[in-house]
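Topology and contacts: notes
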Amino acid sequence: MSDEPETTVHDLVGGTPFFVELVDRFYAGVAEDPVLRPMYPDDDLTESKRTLTGFLIQYWGGPDDYSQERGHPRLRMRHQPFEIGEVHRDAWYRHMSEAVVAMAPHPEIERAMLDYFAHAADAMVNTPPIRRRPS
């Protein structure tokens, strides 16, 4: 058994600055998105950025400041008050995947992040798809 600390994704991407930039890129897209922007009541996205950055830092192996401040992430519960449909999921994932790709992490890390974000986006959907009548 090794006494060496485990190397995390947080470590491999250079720590907190990577996640700050990732979230800044993501929210640059959200700020202009006609589907997602109305879901954020504040004119200023600073608190949303801070929260997501803290969560991602912790999730990818950094300090657990997010849980120390906010408790267990409980992502589905925290997003339950919002109607999240497939269109929201798709817009959210598009902005996040564009941000990840723009950051150009190692291909294995990029794949892990894209897979995680796809799964997370799917898990947040809480409204049924719109059923269209046959023409």
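Look up: the structure comes first, before these words.
So, a few notes on the structure that sits alongside this text. (Residues numbered from 1 in each chain as written. Predicted model: local features only at pLDDT ≥ 70, side-chain atom pairs only at ≥ 80, totals over all residues. Heavy atoms only, no water.)

A look at helix α3 (residues 46-59)
Our working definition: To qualify as a helix, a DSSP run of H or I must reach at least 4 residues; to qualify as a strand, a run of E must reach at least 2; elements of each kind are numbered from the N terminus. One less than the residue count of a helix, multiplied by 1.5 Å, gives the span that helix is expected to have. Remark: exposure states derive from per-residue accessible area (1.4 Å probe, protein chains only) relative to the maximum for the residue type, with buried under 20%, exposed over 50%, and partly exposed in between.
For α3, with 14 residues, the first-to-last C-alpha span of 20 Å sits near the 20 Å given by 1.5 Å per residue. Turning to α3, its buried residues number three or more, namely Thr51, Leu52, Thr53, Gly54, Phe55, Leu56, Ile57 and Gln58. Gly61, located one to two residues past α3, shows a positive phi value of around 105 degrees.

A word on the pattern of salt bridges
Spelled out, the test is: One side-chain nitrogen of Lys or Arg within 4 Å of one carboxyl oxygen of Asp or Glu is enough to make a salt bridge.
Within this structure, the stated rule accounts for seven salt bridges. A salt bridge links Arg94 to Asp33; the shortest N-O distance between them is 3.1 Å. Of this pair, Arg94 sits in helix α6 (residues 86-103) while Asp33 is found in the loop between α2 (16-31) and α3, placing the two residues 61 residues apart along the sequence. A residue is classified by how much of its surface remains accessible, and Asp33, at 4% relative accessible area, is buried. When salt bridges that share partners are traced, they join Arg89, Asp90 and Asp122 into one network.

Observations regarding the packing of α2 against α3
Axes are the key here: two packed helices are described by the angle between their axes and the distance separating the axes. This is how it is decided: Angles shown run from 0 to 180 degrees and are taken between the N-to-C directions of axes, each axis being a line fitted to C-alpha atoms and, for helices, limited to the stretch in contact. To sort the angles, those under 35 degrees are grouped as roughly parallel, those over 145 as roughly antiparallel, those from 65 to 115 as roughly perpendicular, and the leftovers as oblique. Here a crossing is called left-handed whenever its near helix is offset anticlockwise from the far helix by less than a right angle, and right-handed whenever the offset is clockwise. Note on definitions: a residue-residue contact is assigned when non-hydrogen atoms from the two residues lie within 4.5 Å. Classification used: nonpolar for Ala, Val, Leu, Ile, Met, Phe, Trp, Tyr, Cys and Pro, charged for Asp, Glu, Lys and Arg, polar for all others including Gly.
With their axes 9 Å apart at the nearest point, α2 and α3 run at an angle of 135 degrees to one another. Classed by the angle they form, the pair α2 and α3 counts as oblique. The chirality of how α2 crosses α3 is right-handed. Within the contact between the two elements, α2 uses Thr16, Phe19, Val20, Leu22, Val23, Asp24, Phe26 and Tyr27 and α3 uses Ser48, Lys49, Leu52, Thr53, Leu56 and Ile57. When the residues that make up the contact of α2 with α3 are grouped by side-chain class, the tally is nine nonpolar, three polar and two charged.

A closer look at the environment of Ile84
Relative to the elements of secondary structure, Ile84 occurs in the loop between α5 (75-79) and α6. Residue Ile84 is classed as buried on the basis of its relative accessible area, which comes to 8%. Along the sequence, Ile84 and Val125 sit 41 residues apart, while their C-alpha atoms lie 5.0 Å from each other.

Structural notes on the side chain of Asp33
Operational definition: We call two N or O atoms a polar contact when they sit within 3.5 Å, provided that within protein one can donate a hydrogen and the other can accept it, with sequence-adjacent residues counted only if both atoms are side-chain atoms.
Polar contacts involving the side chain of Asp33 include one to the side chain of Arg94, which spans 3.1 Å. The contacts of Asp33, once residues within four sequence positions are left out, are Pro38, Ala91, Arg94 and His95.

Description of the nonpolar core
Nonpolar side chains in soluble globular proteins tend to be buried together. Heads up, the condition is: We call a set of buried Ala, Val, Leu, Ile, Met, Phe, Trp, Tyr and Cys residues a nonpolar core when their side-chain atoms join them within 4.5 Å.
Grouped together as the largest cluster of nonpolar side chains are 29 residues, with contacts concentrated most on Phe19, Leu22, Tyr27, Leu56, Trp60, Met113 and Phe117. Those elements that place two or more of their residues in this core are α2, α3, α6 and α7 (107-124). Looking at this core element by element, the count peaks at seven residues for α2. Setting aside anything within four residues of it in sequence, one finds Tyr27 in contact with Tyr40, Leu45, Ser48, Lys49 and Leu52.

A short note on the packing of aromatic side chains
What counts is decided by this rule: Only centres within 6.5 Å qualify two rings of Phe, Tyr or Trp (six-membered ring in Trp) as a pair; their planes then separate them into stacked at under 30 degrees, edge-to-face at over 60, and tilted for everything else.
Within the structure shown, the criterion is met by ten aromatic pairs. A ring pair is formed by Phe18 and Phe19, whose centres lie 5.1 Å apart and whose planes are at 80 degrees; its orientation type is edge-to-face. Of the two residues, Phe18 and Phe19, both sit in the buried class. Geometrically, the ring pair formed by Trp60 and Tyr116 is edge-to-face, given 5.8 Å between the ring centres and 85 degrees between the ring planes. Within this pair, whereas Trp60 is found in the loop between α3 and α4 (65-70), its partner Tyr116 is found in helix α7, the two being separated by 56 residues in sequence. Each member of the pair, Trp60 as well as Tyr116, carries the same accessibility label: buried. Linked through ring pairs, Phe26, Tyr27, Tyr40, Phe55, Tyr59, Trp60, Trp92, Tyr116 and Phe117 together constitute an aromatic cluster.

Geometric values such as these leave the question of function open.
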